[in-house]
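Fold and geometry: a report
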Amino acid sequence: MYLWLKVIHIVFVISWMAVLFYLPRLFVYHAENKDNEGFVKVVKIMEKKLFYVIGVPAFVLTVVSGLGMIYLNPSLLTSGGWLHAKIVLVVLLSAFFFHNEYVRRKFLKDQCNKSGKFFRLYNEIPTVILILIVILVIVKPF
């Protein structure tokens, strides 16, 4: 059962990360094309579907499968500080995920004044966190 949960976890982490990479990229396009009404209308639909149809289920299944693996193998919690550090990074990634929804709602109301350049930098946050998580999981440095 543990290995099946690990498979589910990996698949849905990949799905969730796809959302975390692509939604901020849509924000770049949205911010840079605010004057193009037809484009903005389409992007608003894409942002909503990406968040709710893919993002929320992927987030939930990532968290549930991760907790399930800890439940089935509680010795993970005493295998070193790497897992605790990973959990902190996952909490930060979760905050970023929900901040994306906050930004999406601001765009929906045409109240987001951040630039495309801002969102290009914002888009790098999940990349940095993902790299740190992968290092922790593979290398287990502590």
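Sequence order as written defines residue numbering, which begins from 1 separately in each chain. Where totals are concerned, whole chains, interfaces and linings use all residues; where local detail is concerned, this predicted model gives features only for residues with pLDDT of at least 70, and gives and counts side-chain atom pairs only at 80 or more. Side-chain measures were taken over the full set of non-hydrogen atoms in the model, leaving aside hydrogen atoms and water.

Quick word on the overall build of the protein chain
The helix and strand tally for the protein chain stands at five helices and zero strands. In terms of overall dimensions, the protein chain has a C-alpha envelope of 55 × 25 × 20 Å along the principal axes. Each residue's exposure class comes from its accessible area (1.4 Å probe, protein chains only) as a fraction of the maximum for that residue type: buried when under 20%, exposed when over 50%, partly exposed otherwise. Expressed as a percentage of the 142 residues in the protein chain, the buried residues total 36%. Sequence separation of 24 or more characterises 79% of the internal contacts of the protein chain that already satisfy a separation of 6 or more. Each accessible area is a Shrake-Rupley estimate made with a 1.4 Å probe; only the visible protein chains count as cover when residues are assessed. Total accessible area on the protein chain is roughly 8500 Å²; 72% of this is exposed by carbon and sulfur atoms. Across the protein chain, 16 positive and 7 negative side-chain charges occur, with their mean positions spaced 9 Å apart. Each helix corresponds to a stretch of at least 4 residues labelled H or I by DSSP, and each strand to a stretch of at least 2 residues labelled E; elements are numbered beginning at the N terminus. Contacts are residue-level and defined by heavy atoms, with any inter-residue pair within 4.5 Å sufficient. A residue counts as positive if it is Lys or Arg and as negative if it is Asp or Glu; His and the chain ends are not included. The atom standing in for a charge is NZ when the residue is Lys, CZ when it is Arg, CG when it is Asp and CD when it is Glu.

A word on the pattern of salt bridges
Note on definitions: salt bridges are taken to be side-chain nitrogens of Lys or Arg within 4 Å of carboxyl oxygens of Asp or Glu. Counted according to the given criterion, the structure contains four salt bridges. Residues glutamate 32 and arginine 120 are paired through a salt bridge, measuring 2.9 Å at the closest nitrogen-oxygen approach. In this pair, glutamate 32 is assigned in helix α1 (residues 2–32) and arginine 120 in helix α4 (residues 116–122), connecting sequence segments 88 residues apart. Among the ionic pairs, aspartate 110 bridges to lysine 44, the shortest N-O distance being 3.0 Å.

Section: the packing of helix α3 (residues 82–108) against helix α5 (residues 125–139)
Direction vectors running N to C along α3 and α5 enclose 160°, while the axes themselves pass 9 Å from each other. Here α3 is positioned roughly antiparallel relative to α5, judged by the angle of their axes. Note on packing geometry: the crossing formed by α3 with α5 is left-handed. Together, Trp82, Ala85, Lys86, Leu89, Val90, Leu92, Leu93 and Phe96 of α3 and Ile125, Pro126, Ile129, Leu132, Ile133, Leu136 and Val137 of α5 make up the contact between the two elements. Tallied by class, the residues present in the contact of α3 with α5 amount to 14 nonpolar, no polar and one charged. To get an axis, fit a line to the C-alpha atoms, keeping to the stretch in contact for a helix; angles then go from 0 to 180 degrees between the N-to-C directions. Convention used here: angles under 35 degrees read as roughly parallel, angles over 145 as roughly antiparallel, angles from 65 to 115 as roughly perpendicular, and any remaining angle as oblique. When the near helix sits turned anticlockwise from the far one by under a right angle, the crossing is termed left-handed; a clockwise turn instead gives a right-handed crossing. Under the scheme applied, nonpolar residues are Ala, Val, Leu, Ile, Met, Phe, Trp, Tyr, Cys and Pro; charged residues are Asp, Glu, Lys and Arg; polar residues are all the others, including Gly.

What to know about α5
Each helix should span, by expectation, one fewer than its residue count multiplied by 1.5 Å. With 15 residues, α5 extends 21 Å between its outermost C-alpha atoms, agreeing within 8% with the 21 Å of an ideal straight helix rising 1.5 Å per residue. The complete set of buried residues in α5 reads Pro126, Ile129, Ile133 and Leu136. The buried residues of α5 occupy one face: seen down the axis, they fall within an arc of 90°. Summarising the geometry of α5, the exposed residues directed more than 90 degrees from the buried face are Ile138 and Val139. Directly beyond the C-terminal end of α5, a positive phi value near 50° is found at lysine 140. Here, the arc refers to the directions that run from the helix axis to the C-beta atoms.

Quick notes on the packing of α1 against α5
At a minimum axis separation of 9 Å, α1 and α5 run at an interaxial angle of 150°. Comparing the axis directions of α1 and α5 gives the class roughly antiparallel. Each of Met17, Leu20 and Phe21 in α1 lies in contact with α5, whose residues at this interface are Pro126, Thr127 and Leu130. In terms of residue class, the contact of α1 with α5 is made up of five nonpolar, one polar and no charged.

Here we look at the environment of tyrosine 22
The residue tyrosine 22 is located in helix α1 in this model. You can call tyrosine 22 partly exposed: its relative accessible area is 37%. Not counting residues up to four positions away in its chain, the partners in contact with tyrosine 22 are Met46 and Leu50.

Observations concerning unusual backbone geometry
Of note in this structure, aspartate 110 is not a glycine but carries a positive phi near 60°. Using a relative accessible area of 59% as the deciding quantity, one classes aspartate 110 as exposed. At lysine 140, a position not held by glycine, the phi torsion is positive, near 50°.

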